Amino acid sequence: EEVPLYPGATQVQSMGGLGVTFMTTDTPEQVAKFYTERLKDTRWQLTGNNNLGRVTILTWSAGQDTLKMTVQAQGDQTMVMIVIS
């Protein structure tokens, strides 16, 4: 609930409240910007932003919880995997 599904995205897999994978036609940069802006006024604090070329890994922390987001270009789509631990 506190981490929304990206607008217009198609959910591919759900990990029972601990994570989700989805696809969107927006660019990885658009997805990263959306979540960085959307989560900045929540309990989540951005603690890592690693751009590895075609893959970007964003990490947020809140107390002992960690939110890890992998954003990867796949052809003309972007795959996003979010895991909370």
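Up top you'll find the structure we're talking about.
Residues numbered from 1 in each chain as written. Predicted model: local features only at pLDDT ≥ 70, side-chain atom pairs only at ≥ 80, totals over all residues. Heavy atoms only, no water.

**Considering the nonpolar core**
Formally: Among the buried residues, those of types Ala, Val, Leu, Ile, Met, Phe, Trp, Tyr and Cys that are joined through side-chain atoms within 4.5 Å form a nonpolar core. Burial classes follow relative accessibility: with a 1.4 Å probe on protein chains only, a residue under 20% of its type's maximum area counts as buried, one over 50% as exposed, and anything between as partly exposed. Counting from the N terminus, the helices are the DSSP runs of H or I reaching at least four residues and the strands are the DSSP runs of E reaching at least two. Only heavy atoms matter for contacts: two residues are in contact if any of them lie within 4.5 Å across the pair.
In this structure, Phe22, Tyr35, Trp60, Leu67, Met69 and Ile82 are the most contacted members of the largest nonpolar core, which totals 19 residues. Of all the elements in the fold, those that place two or more residues in this core are β2 (19–24), α1 (28–39), β4 (55–62), β5 (65–74) and β6 (77–84). Considering each element in turn, this core owes the most residues, five residues, to α1. Excluding residues that lie within four positions of it along the chain, phenylalanine 22 makes contacts with Leu5, Tyr6, Ala9, Thr10, Gln11, Val12, Tyr35, Thr78, Met79, Val80 and Ile82.

**Here we look at the packing of aromatic side chains**
To keep it simple, the criterion reads: Aromatic rings from Phe, Tyr and Trp, with only the six-membered ring used for Trp, were paired whenever their centres fell within 6.5 Å, and each pair was classed as stacked if the ring planes differed by under 30 degrees, edge-to-face if by over 60, and tilted otherwise. Counting as a charge over the ring demands two things of the Lys NZ or Arg CZ atom: a distance within 6 Å of the ring centre and an angle within 35 degrees of the ring normal.
One pass over the full model with this rule turns up five aromatic pairs. For the ring pair phenylalanine 22 and tyrosine 35, a centre distance of 6.5 Å and an interplane angle of 40° mean the geometry is tilted. Of this pair, phenylalanine 22 sits in strand β2 while tyrosine 35 sits in helix α1, placing them 13 residues apart in sequence. According to the relative accessible area criterion, phenylalanine 22 is buried, its value standing at 0%. The structure contains a cluster of three or more aromatic residues connected by ring pairs, namely Tyr6, Phe22, Phe34 and Tyr35. The aromatic ring of tryptophan 44 is capped on one face by arginine 43, whose charged end is 4.5 Å from the ring centroid.

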